[in-house]
Amino acid sequence: VKELIRLRVNGADVEVAVRPNATLLETLRDDLGLTGAKKGCGEGDCGACTVLLDGLPVSSCLVLAMQAHGHDILTVEGLAENGQLHPIQQAFVEAGGVQCGFCTPGMLMSAKSLLDSNPAPDDMQIREAIAGNLCRCTGYQKIVEAIRSAAETLRRHRRPA
Amino acid sequence: MPLPRFEFCEPDSIAQACRLLAESDGSAAVLAGGTDLVVKMKRGTIKPDLVVSIARLRGSPIRTDNGKLIIDSQATMAELGSHPDLRGTFASIAEGALAVGSPQIRNRATVGGNLVSARPCADTAPPLLCWGARLNLRSAERERALELNDFFQGPGETLIRPGEILISIEIDRPAGPTGGAFLKLIRRATLEITIVSAAATIVLDEPDGIVRNARIVMGSVAPVPLRARAAEDALCGERVSGSSIDRAAAVAASVAQPIDDLRGGAGYRREMVEVLVRRALVLAHARAGGGR
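Residues numbered from 1 in each chain as written. Chains lettered and ligands numbered in written order. Predicted model: local features only at pLDDT ≥ 70, side-chain atom pairs only at ≥ 80, totals over all residues. Heavy atoms only, no water.

A. Spotlight on the environment of S92 of chain B. All names here are of chain B. One can find S92 in helix α4 (residues 91-98). Classification of S92 as buried rests on a relative accessible area of 1%. Apart from residues lying up to four places away in sequence, S92 is in contact with P127, W131, G180, A181 and F182. Within polar-contact distance, the side chain of S92 engages the side chain of W131 at 2.9 Å. (Helix = DSSP H or I, 4+ residues; strand = E, 2+ residues; numbered from the N terminus. Buried < 20%, exposed > 50% of the residue type's maximum accessible area, 1.4 Å probe, protein only. Contact = heavy atoms within 4.5 Å. Polar contact = N/O pair within 3.5 Å; in protein donor to acceptor, adjacent residues only side chain to side chain.)

What follows is the structure in structure tokens.
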């Protein structure tokens, strides 16, 4: 039997009927068509399914959809605005922080949460923020550079004119 | 792997949650953060008919009442890791919480889950044991308090009964200059299960004075987090010195009963836990204002 849950996804209020045993990841991908978050290990080790729940990164493969009722979810689809990449996404493109792309949505969400709470992180803080996101392509260096560069861009944008 | 089928409910009150658990006759599972339970359900090692989410029973992560520190069982590792009440005396609890998993895990995993899961490597258990924590449990019939010291019975086994919910964890604030520390050995900086760990607390009678009370607890060296009572006793009643710490660390390591597994060999663990106990004692003593 499915039950109706209400949640906010990428700024829009959504009602969706879910099975009690559906994960948030399955609901986002299969019911809401948001296939940005990826299923990797399915056990919370790889970070490919990372989304923000009330602003904090979580492994959506370990969150039941029922637990997301009444909460605010941000996925990688919610980063770009008016067809413009978010500065963090743009920085990943420019720094070469994307290779196969499978870890990228999760990396972006961990980076977003970091920069929302800490606009000027040092490299160790960046590495700690993405410690739960595995990347088998880049060796992480380009990703760290991308997040550092995005932090600079965002600080410039925030500075009052 | 999809999750097996179950019913889900999220009661509004402790009483209602306890009633649901009592009526389920052992076929229900309590869900807090889910980082452990959901994995076990995916693997099929736990197959509940009913999952009772206790999310609506959450209180403030930490509060102080009559000098006691009260930690909500659903405080997340991230909340404990950044909580201002755990920056001074009780810093070792934050150190344990921040040693768990990844940011994603720490944002969901709860301290109650870490204790009830009762893994020998649980990182919040050694510091909480060092602080003499008590557990408040509720069931449909009764409310009871247990010493954390008595709680762990074996890997995954505790004194919690079917139908009981861990509500909160209480710690008395020690009198006198006090310091604690938690250290763990892992092969890389993050997202690692503990090879060995050590927590220590030291209470002095006055700054740089005589040890009035000491606690040493080691992780991943026995079926349960292991207290080293003889080593604690050896420290009490004396001023701390390099040689008293060396002696206590050796005594602590001698009671360890580690096993060989993929994370480390028993001999390696016994050697390393001695090093970790020594370092934890040095740090706890310095934090208590000793050795200045």
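B. Examining the interface of chain A and chain B more closely. Opposite the 29 residues of chain A that make contact, chain B presents 25 residues. Summed over both partners, the interface of chain A with chain B comes to about 2200 Å²; 56% of that surface belongs to carbon and sulfur atoms. In this structure, the connection of chain A to chain B is made through one salt bridge. With a shortest N-O distance of 2.7 Å, R43 of chain B and E43 of chain A are connected by a salt bridge. If you look at where chain A meets chain B, you find ten residue pairs in polar contact (both at pLDDT 80 or more). For the side of chain A that touches chain B, the elements supplying multiple residues, two or more each, are β3 (50-53), β4 (56-59) and α4 (123-129) of chain A. With four residues, the top contributor of residues to the side of chain A that touches chain B is β4 of chain A. Its residues placed into classes, the side of chain A that touches chain B shows twelve nonpolar, eleven polar and six charged. (Buried area = accessible area lost by both parts, 1.4 Å probe. Salt bridge = Lys/Arg side-chain N within 4 Å of Asp/Glu carboxyl O. Nonpolar A, V, L, I, M, F, W, Y, C, P; charged D, E, K, R; others polar.)

C. Region of interest: the pairing of strand β12 (residues 196-204) of chain B. Residue and element names in this part refer to chain B. Along β12, nine of the nine residues are buried, which leaves the element largely enclosed by surrounding structure. Where burial is concerned, the two faces of β12 agree: the one with V196, A198, A200, I202 and L204 and the one with S197, A199, T201 and V203 are both buried. Pairing geometry for strand β11 (residues 178-185) and β12, over eight bridges, is antiparallel. Among the inter-strand pairings, G180 is bridged to a residue of β12, identified as T201. Sheet topology note: the β12/strand β13 (residues 211-219) ladder contains eight bridges and is antiparallel. Each bridged residue has a counterpart across the sheet, and for A200 the counterpart in β13 is I216. (Pairing = 2+ DSSP bridges.)

D. Structural view of the nonpolar core. Core analysis: the largest hydrophobic core is formed by 72 residues, its most contacted members being I71 and L128 of chain B. In contact with L128 of chain B, not counting residues within four places along its chain, are I71, I93, V111, L115, A133, L148, I169 and I171 of chain B. (Core = buried A, V, L, I, M, F, W, Y, C linked by side-chain atoms within 4.5 Å.)

E. Here's a closer look at the pattern of salt bridges. Residue and element names in this part refer to chain B. Under the definition given, this model contains 21 salt bridges over all chains. The shortest N-O distance in the salt bridge between D123 and K184 comes to 2.8 Å. Of this pair, D123 sits in the loop between α6 (111-117) and α7 (125-130) while K184 sits in strand β11; the two residues are 61 residues apart in sequence, bridging distant segments of the chain. Just as D123 is buried, K184 falls in that class too. Of the charged contacts in the structure, one is a salt bridge between E164 and R144, with a shortest N-O distance of 2.6 Å. Here E164 is found in the loop between β9 (157-158) and β10 (165-172), whereas its partner R144 is found in strand β7 (residues 143-147), with 20 residues between them in sequence. For the pair shown, E164 and R144 are each scored as buried. Members of the salt-bridge network, linked through shared partners, are K68, R134, E170 and D172.

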